[in-house]
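What follows is the residue order along each chain.
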Amino acid sequence: MQIIQKKLADIVPYANNAKKHDETQIKNVAESIKKYGWVQPIVIDDDGTIVIGHCRALAAERLGIKEVPCVVVSDLTEEEINALRIVDNKTNESPWDFDLLSAELPEIDLSDFEFDFGIEDEEGKTEIAEDEAPEVEFSEILGEENNYLVLQFKTDIDWLNAQSIFGLETVKSYSTRKDGKVTKNMESKGVARVLDGAKVLNELLGDKI
């Protein structure tokens, strides 16, 4: 595998890239590049279109990096390249061993990153910090005094669209140790929301209601 240096301005994102990257992920990748350097080159085709590494390219742009390491897959057909994009993203999805992760995290300083491992610190308790609670409490059993419409989103794209339409922001909770120290590495983020139904209908339908 030959690694070459390419000007970031000469690299083109794949127009139909199905893998999306939010602000937090781009920030984390940028921080990783700052701290540890380039450990994974961007993969491109002969035309300079990104095959693997869209988030790294966005992070490099954020950092003001002009040249980035690249690998050119000139020996693959267009069909194989399109398949590789999906295969690479899908094969990187895997579960955590939370027992091993819980033992590892306290020894590592990840305070400059925004990671959600979904782990509660056994030495402390989890409390809501920074964000205000929803106006209506969300629980496993919804109160009988209110009427509810529950929307289920089966794809990340649909959920991201809903976040944009309804202006949803992530509620953050932090694991707090007995000594009062907040363990940012074990930050967890909720996605459930209870919205004012009348306001939602007015936002979606406007003058039709």
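Per chain, residues are indexed from 1 in the order of the written sequence. Selection of residues for local features in this predicted model requires a pLDDT of at least 70, selection of side-chain atom pairs for listing and counting requires 80 or more, and totals for whole chains, interfaces and linings are taken over all residues. Hydrogens and water molecules were not included; the side-chain quantities draw on all heavy atoms of the structure.

Asker: An account of a nonpolar patch on the surface is needed here, citing residue identities and associated values.
Answerer: Note that patches include only residues with greater than 30% relative accessible area and no salt bridge, and the join distances are 9 Å for like charges and 5 Å for nonpolar side chains (Val, Leu, Ile, Met, Phe, Trp, Tyr). Only the protein chains shown count as cover for residues, and the accessible areas themselves come from Shrake-Rupley with a 1.4 Å probe. The term salt bridge refers to a pairing of a side-chain nitrogen on Lys or Arg with a carboxyl oxygen on Asp or Glu at a separation within 4 Å. Judged by side-chain polarity, I165, L201, L204 and L205 come together as a nonpolar surface patch covering roughly 360 Å² of accessible area. In this description a helix means any DSSP run of H or I spanning at least four residues, a strand means any run of E spanning at least two, and both kinds are numbered starting from the N terminus. Counting residues per element, the nonpolar patch draws most heavily on helix α6 (residues 197-205), at 3 residues. Relative to the helices and strands, L205 is located in helix α6.

Asker: Account for the environment of P69, with residues named and values stated.
Answerer: The residue P69 is located in strand β4 (residues 67-72) in this model. For P69, a relative accessible area of 10% puts it in the buried group. The spacing of P69 and Q40 is 29 residues in sequence and 8.1 Å in space, taken between C-alpha atoms. Buried means the residue's accessible area, taken with a 1.4 Å probe over protein chains only, is under 20% of the maximum for its type, while exposed means over 50%, and partly exposed covers the values in between.

Asker: Quick one: what's the story with the nonpolar core, residue by residue and with numbers?
Answerer: Buried Ala, Val, Leu, Ile, Met, Phe, Trp, Tyr and Cys residues that are joined via side-chain atoms within 4.5 Å together make up what is termed a nonpolar core. Of all hydrophobic cores here, the largest spans 9 residues; its members are L8, I11, I42, I44, I50, A57, A60, V68 and C70. Those elements that place two or more of their residues in this core are β2 (42-44), α2 (54-63) and β4. Every residue pair with non-hydrogen atoms within 4.5 Å of one another is taken to be in contact. If we skip the residues at most four places from it in the chain, L8 touches A57, A60, E61, I65, K66, E67 and V68. Among the nonpolar cores identified, the runner-up in size contains 6 residues, and L101, F113, F117 and I119 belong to it.

Asker: Give me the sheet that holds strand β1 (residues 4-7): which residues, what numbers.
Answerer: If DSSP finds at least two bridges between two strands, the strands pair. Taking strand neighbours across the sheet as the criterion, the 4 strands line up as β1-β4-β2-β3 in an open arrangement whose pairing is mixed. Strands at the two margins of the open sheet, each flanked by one partner only, are β1 and β3 (50-52). Sheet twist, expressed as the mean angle between neighbouring strand axes with direction ignored, is 55°. Geometry is summarised by axes, namely lines fitted to C-alpha atoms with helices restricted to the contacting stretch, and by angles between N-to-C directions that run from 0 to 180 degrees. Strands β2, β3 and β4 of the sheet are contacted by α2, whose axis makes an angle of about 115° with β3.

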